[in-house]
Amino acid sequence: MTVEQLSQMLREKLTSSFGKSLEDATTKEMFQSICLTMKESINANWRMTQETYDENESKQVYYFSMEFLLGRLIESNLLNMGLLDLYKDTLTSLGFDPEEVFREEHDAGLGNGGLGRLAACFLDSLASLQLPGYGMGIRYKYGLFQQKVVNGYQVELPDNWLKDEYMWETKRGDKAIEVRFGGTVETTMENGHLHFHHQDYERVLAVPYDVPIVGYDNNTVNTLRLWSAESTTNSFHFHSSRGHDYYHYLDYKRSIEKISEFLYPDDSYYEGKILRLKQQYFLVSAGLQSILQRFKKRNKPLAQLSEHVVVQINDTHPSLVVPELMRLLIDEEKLGWDEAWAITEKTVAYTNHTTLSEALEKWPEEMIKTLFPRLYLIIHEINERFCKMLWYDYPKLREKISEMAIISYEHVHMSHLAMVGSFSINGVAKLHTNILKDRVMKPFYTVFPERFNNKTNGITHRRWLLNVNPELANVISEAIGTNWIRTPNELTKLLPFAEDASFQQAIAKVKHDNKLKLASFIKRHYDITIDDHSIVDVHIKRLHGYKRQLLNLFHVIHLYNRCIEDPYLELTPRTFIFGAKAAPGYFFAKQVIKLINAVAEKINHHPQVSKKIKVVFLENYSVSLAERIIPAADLSEQISTASKEASGTGNMKLMMNGALTIGTLDGANVEIRELVGDENIFTFGLTSDEVFRYQQAGEYRARDYYNNDRRLRNVMDLLVNQHFSDDDVEFKDIFYSLLYNNDEYFVLRDFDNYTEAQNNVQETYQQQSDWLQKSIINIAYSGNFSSDRTIQEYAEEIWQIKPTKIGNLIIN
Ligand code: 26W
């Protein structure tokens, strides 16, 4: 297609859809017209893809996740369709700014952080590798809250992302499914068989909205199915003359719609909220029922289900798939227990994303019993059989049975349910998987060693390199050709260029251009001027104690102190960038946000210090904001307390864009170091084994570090002597958590090592050629962290699914 042809198409679309001429069209109408033209070609391939899967009877993976953090789709869809440049050129020729038009799309923020973004990257890789994969999620009416910073404090606002029409979804009213809550179960004996009758339940209609997932330069279009809760229309008849029935109906309708109303903003923290549990079952039941309906069209016996379907659960949030699949097979399909169990156990696979004990889900037994009386009986039976098996087959584990039981101390332990009911249990980085096997899940590993495996996370290099940093992609392609786009491991072909002065200069120029863009964004939105030659030091992720934004900030305050002590101090200018949302109920995290902003305020307005250091807290960190920041980053902060970060994926995105990592030996940082070598990463701090040793021996004394390290004392005292706030109690909780609660995350313990590593960073940065060489080496090895690699491993080692080629559609 040519620019002229596309221009003509867009003009026609504007007229037919909005009755507008090009000259009168708003950017929003232009955006919508583009989506409409794209959808015409996507829809044709979409249908063909689904038909081909059914005709070939391809085995399909269904990725069940409470979160899909998609961000915007317009650019990645255009990129994958091979149309991005054409659309950009056409828009420009028509007098529109492409960026402005694309920004009309509201981020789909249906996720909190790493786990939700991983799910989105996986969908992109599945489609791009021509793999039959399906996402199952919830169409929350409100995504993750919008963050505003008011007086330095986080304020949460609702994320009304569906306010304008969501252009990519298609409602499939005909595919709606009933999900049942509450009620009672009656058992009867019929022909010598026990039957279970679920009665007096509440009906909820699950209506699917399908989002097409476009593969890269192939014809594959997979589906992300998002379920929305609606009330069944036949549950109310306007036969009553008494008005209050109508109000009852409205109450009822609202109570049902609440189920898919909003995303819980909790990241790594379990709260036993009943609505959250309802959401989980809603996803699970609707998803499984729709899978079985589709499977039945293949006319195969249910015993073969696992040859056609695999259900991957993203953490334990959807682990009710285990009892729900049992229920459907037994109660609806009339299979016996053993038969149903054999099928379930072969169909479900579980990924663990965290070892934090406060994140592990354990729902009160009573809640499960009341909400899902039939599932409760099934879970009970699974538990009985599992505990009996342990008793007879693993005498050495007998004293561990109460610790391993699915139901214990009046709670249902979801990870135990997930592990017992799955054929595969995986962690998300080597270190994390080893911690699961050796510690957190050790007794389960003894019983089911063959189930445990590792799948180190990845990110889609199409979005996180090609799309967000086209200038870097071009420099790479000029050096090594374009094969790396299909085979990201070929980025290692850059290695011979690492010392090449002209290649280094090309890389440096791209980085500098990206810094200028970020600087102008920051100037526009925050009126802060940053030095475009400064080290751009980036800490972007959810705000959490274990991620240690506080450690970073202590180093910032320490530099500030040094500048004040010695006005002639030679410091390489730095811009510290933070982006982070705190869970609304997480007081400590919100205090840290306030502190970052208070420190920023002080430093940025200090006549001398602000010449060397700037601190910027970017509000409303999101996928789209990450896309602006990452290409400009020099330094990637991955400084979690060792053992706490399961993998991290921001570390991979930043590395792929040429940032060097300063990090602990945690999560995937370990594998980054393994690849790039010790000299191309700045590691520091306690190792995970040292952290475990400290915790077991109980011999860490935070106060000693405060007492013995003058620099640390000078930093911390500023928190409580009103230096950063007029209010003398403002930051005392942070101070106390470190000194009186003994610094759970070892901030004080690692401060000295971290500061030293930061000094190394500065020295290395001053040797620009050395720095660039390291940067190139990081880019070169980042192909390993493409989610294509991860998905290939899942496909071959867990799912047993194969690529299915989708033919070329001839459009007349
Ligand atoms: C029930 C509350 C809750 C909500 C979310 C508990 C736990 C979670 C997630 C498991 C938290 C999460 O996003 N974990 C992150 O998963 C990423 C993808 O695997 C990893 O890269 C991160 O290290 C891990 O923190």
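Residues numbered from 1 in each chain as written. Predicted model: local features only at pLDDT ≥ 70, side-chain atom pairs only at ≥ 80, totals over all residues. Heavy atoms only, no water.

Counting its secondary structure elements, the protein contains 34 helices and 25 strands. Against the compact-globule benchmark of 28 Å for 812 residues, the protein has a radius of gyration of 27 Å, which places it among compact chains. Expressed along its principal axes, the backbone C-alpha trace of the protein runs to roughly 90 × 75 × 60 Å. Residues counted as buried form 61% of the 812 residues belonging to the protein. In the protein, the proportion of contacts linking residues at least 24 apart, taken out of those at least 6 apart, comes to 77%. Only carbon and sulfur atoms are counted for the fraction: they give 48% of the accessible area of the protein, which is about 32,300 Å². (Helix = DSSP H or I, 4+ residues; strand = E, 2+ residues; numbered from the N terminus. Rg over C-alpha atoms; globule rule 2.2 N^0.38 Å. Buried < 20%, exposed > 50% of the residue type's maximum accessible area, 1.4 Å probe, protein only. Contact = heavy atoms within 4.5 Å. Areas by Shrake-Rupley, 256 points an atom, 1.4 Å probe, with all protein chains shown as cover.)

Moving on, we come to empty space enclosed by the protein. Summed over all chains, the structure comprises nine cavities of 30 Å³ or more. Reported here for the largest cavity is a volume of approximately 140 Å³. Surrounding the largest cavity, 14 residues form its lining, Leu73, Ser76, Ala120, Asp124 and Arg463 being those nearest its centre. Counting residues per element, the ones that place at least two in the lining of the largest cavity are helix 3 (74-81), helix 6 (114-128), strand 11 (202-214) and helix 18 (461-467). The residue inventory of the lining of the largest cavity, partitioned by class, reads six nonpolar, four polar and four charged. (1 Å grid on protein atoms, 1.4 Å probe; cavity = no way out; pocket = protein on both sides within 12 Å on 5 of 7 lines; lining within 4 Å. Points joined across faces, edges and corners; volume = space filled by probe spheres on them. Nonpolar A, V, L, I, M, F, W, Y, C, P; charged D, E, K, R; others polar.)

On to the packing of helix 32 (residues 747-766) against helix 33 (residues 768-781), then. For any two helices packed against each other, the geometry comes down to the angle between their axes and how far apart the axes lie. Following both chains from N to C, one finds helix 32 and helix 33 inclined at 105°, their axes separated by 5 Å at the closest point. It follows that helix 32 is roughly perpendicular to helix 33 by the angle criterion. Of the residues in helix 33, those in contact with Val761, Thr764, Tyr765 and Gln766 of helix 32 are Gln768, Trp771 and Lys774. Its residues placed into classes, the contact of helix 32 with helix 33 shows three nonpolar, three polar and one charged. (Axes fitted to C-alpha atoms, helices over the stretch in contact; angles between N-to-C directions. Parallel < 35°, antiparallel > 145°, perpendicular 65-115°, else oblique.)

Inspection of helix 19 (residues 470-480) places Leu472, Ala473, Val475, Ile476, Ser477 and Ile480 among the buried residues, and these make up the whole buried set. In this structure, the buried side of helix 19 is in contact with helix 18, helix 20 (483-486), helix 21 (501-526), helix 26 (650-656) and helix 33. Taken from the residues just after helix 19, Gly481 is the one with a positive phi, measuring 80°.

In this section: the side chain of His308. Tracing the backbone through its elements, the reader meets His308 in helix 9 (residues 305-308). If we skip the residues at most four places from it in the chain, His308 touches Glu57, Ser58, Lys59, Gln60, Phe295, Arg298 and Lys300.

This part takes up the sheet that holds strand 23 (residues 635-638). In spatial order, the strands read 22-21-20-23-24-25; together these six strands make up an open sheet with parallel pairing. If you trace the sheet from one side to the other, it starts and ends with strand 22 (613-617) and strand 25 (682-683), each paired once. Two strands pair when backbone bridges link them, and strand 23 and strand 24 (residues 660-663) are joined in this way by four bridges, in the parallel orientation. Across the sheet, residue Ser636 finds its bridge partner in strand 24, namely Thr661. In the packing of helix 23 (residues 587-604) onto the sheet, contacts are made with strand 21 (574-579) and strand 22, and the angle to strand 22 comes to roughly 145°. (Pairing = 2+ DSSP bridges.)

To continue, consider the sheet that holds strand 15 (residues 362-364). The antiparallel open sheet is built from three strands, whose spatial order is 15-17-16. A single partner strand is all that each edge strand has here, and the edge strands are strand 15 and strand 16 (407-408). As paired strands, strand 15 and strand 17 (residues 411-413) are joined by three bridges and run antiparallel to one another. Looking at the pairing, Trp363 lines up with Val412 of strand 17.

Within the largest apolar cluster, 203 residues are counted, with the highest numbers of intra-cluster contacts made by Met30, Phe64, Phe282 and Trp799. For this core, the leading source of residues is helix 8 (residues 274-296), giving eleven residues. In this view, Phe64 contacts Met136, Leu283, Val284, Gly287, Leu288, Ile291, Val311, Gln312, Ile313, Asn314, Pro318 and Val321; residues no more than four positions away in its chain are not counted. Ranked by size, the runner-up nonpolar core spans 63 residues in total, among them Leu660, Leu718, Leu738 and Phe746. (Core = buried A, V, L, I, M, F, W, Y, C linked by side-chain atoms within 4.5 Å.)

Looking now at the pattern of salt bridges. What the rule picks out here adds up to 49 salt bridges. For Arg47, the salt bridge is made with Glu51, and the minimal N-O distance between the two is 2.8 Å. Taken together, the positions of Arg47 and Glu51, both in helix 2 (residues 27-56) and four residues apart, correspond to about one turn of that helix. With a relative accessible area of 36%, Glu51 lands in the partly exposed category. Note that Glu169 and Arg139 form a salt bridge whose closest N and O atoms lie 2.8 Å from each other. Residue Glu169 is located in the loop between strand 6 (153-159) and strand 7 (170-171), and its partner Arg139 is located in the loop between strand 4 (133-138) and strand 5 (143-150); the two are separated by 30 residues in the primary sequence. The pair formed by Glu169 and Arg139 is uniform in burial state, with each residue classed as buried. (Salt bridge = Lys/Arg side-chain N within 4 Å of Asp/Glu carboxyl O.)

Here we take up the layout of surface pockets. A water-sized probe, rolled over the atoms, reveals where empty space remains. Looking at the second largest pocket, its volume works out to about 840 Å³. Looking at the second largest pocket, it is lined by 38 residues, and the ones nearest its centre are Leu78, Met81, Gly82, Leu83 and Leu84. Elements represented by at least two residues in the lining of the second largest pocket include exactly helix 2, helix 3, helix 4 (84-93), helix 19 and helix 20. No other element matches helix 2, which puts seven residues into the lining of the second largest pocket. Grouping the constituent residues of the lining of the second largest pocket by class yields 22 nonpolar, twelve polar and four charged.

Every second residue of strand 24 is oriented toward a common face, with Leu660 and Ile662 on one face and Thr661 and Gly663 on the other, all of them buried. For the handedness criterion, the β-α-β arrangement of strand 23, helix 26 and strand 24 is classed as right-handed. On the question of chirality, the crossover connecting strand 24 to the parallel strand 25 by way of helix 27 (residues 669-676) is right-handed. (Right-handed = clockwise from strand over helix to strand, strands pointing away.)

On to the packing of helix 23 against helix 31 (residues 732-739), then. Packing of helix 23 against helix 31 brings their axes to within 9 Å, and their N-to-C directions diverge by 120°. As the angle between them shows, helix 23 and helix 31 are arranged oblique. As helix 23 packs across helix 31, the resulting crossing turns out to be left-handed. Counting all contacts with helix 23, which are made through Phe587, Phe588, Gln591, Val592 and Leu595, the residues of helix 31 involved are Asp733, Ile734 and Ser737. Residue composition of the contact of helix 23 with helix 31, by class: five nonpolar, two polar and one charged. (Left-handed = near helix turned anticlockwise from the far one by under 90°.)

Our focus in this paragraph is the site of the ligand. Residues in contact with the ligand amount to 21 residues; listed here are only the nearest, His353, Asn457, Glu645, Ser647 and Gly648. Contacts to the ligand include His353, whose side-chain N or O atom sits 2.6 Å from an oxygen atom. The contact in question runs from an oxygen atom of the ligand to an N or O atom on the side chain of Tyr546, over 3.2 Å. Expressed as a share of its isolated accessible area of 570 Å², the protein-covered part of the ligand is 97%. (Near = heavy atom within 4 Å. Polar contact = N/O pair within 3.5 Å; in protein donor to acceptor, adjacent residues only side chain to side chain.)

Below, the discussion takes up the pairing of strand 18 (residues 424-427). Side chains Ser424 and Asn426 project from strand 18 onto one buried face, and the interleaved Ile425 and Gly427 project onto a second face that is buried too. Two strands pair when backbone bridges link them, and strand 14 (residues 348-351) and strand 18 are joined in this way by three bridges, in the parallel orientation. Along strand 18, the bridge assignment pairs Ala349 with Ser424. Note: strand 18 against strand 19 (residues 452-454), three bridges, orientation parallel. When the bridges of strand 19 are listed, Gly427 appears paired with Asn454.

Okay, the packing of aromatic side chains next. Within this structure, the stated rule accounts for 28 aromatic pairs. Seen in terms of ring centroids, Tyr560 and Phe724 are 6.2 Å apart; in terms of plane orientation they differ by 45°. Their pairing is tilted. Taken as a pair, Tyr560 in helix 22 (residues 549-565) and Phe724 in the loop between helix 30 (710-720) and helix 31 lie far apart in primary sequence, 164 residues in all. The ring of Trp46 carries the charged tip of Arg172 above its face, separated from the ring centre by 5.2 Å. (Phe/Tyr/Trp six-rings, centres within 6.5 Å; stacked < 30°, edge-to-face > 60°. Lys NZ or Arg CZ within 6 Å of the ring centre and 35° of its normal.)

Shape descriptors only; they carry no functional weight alone.
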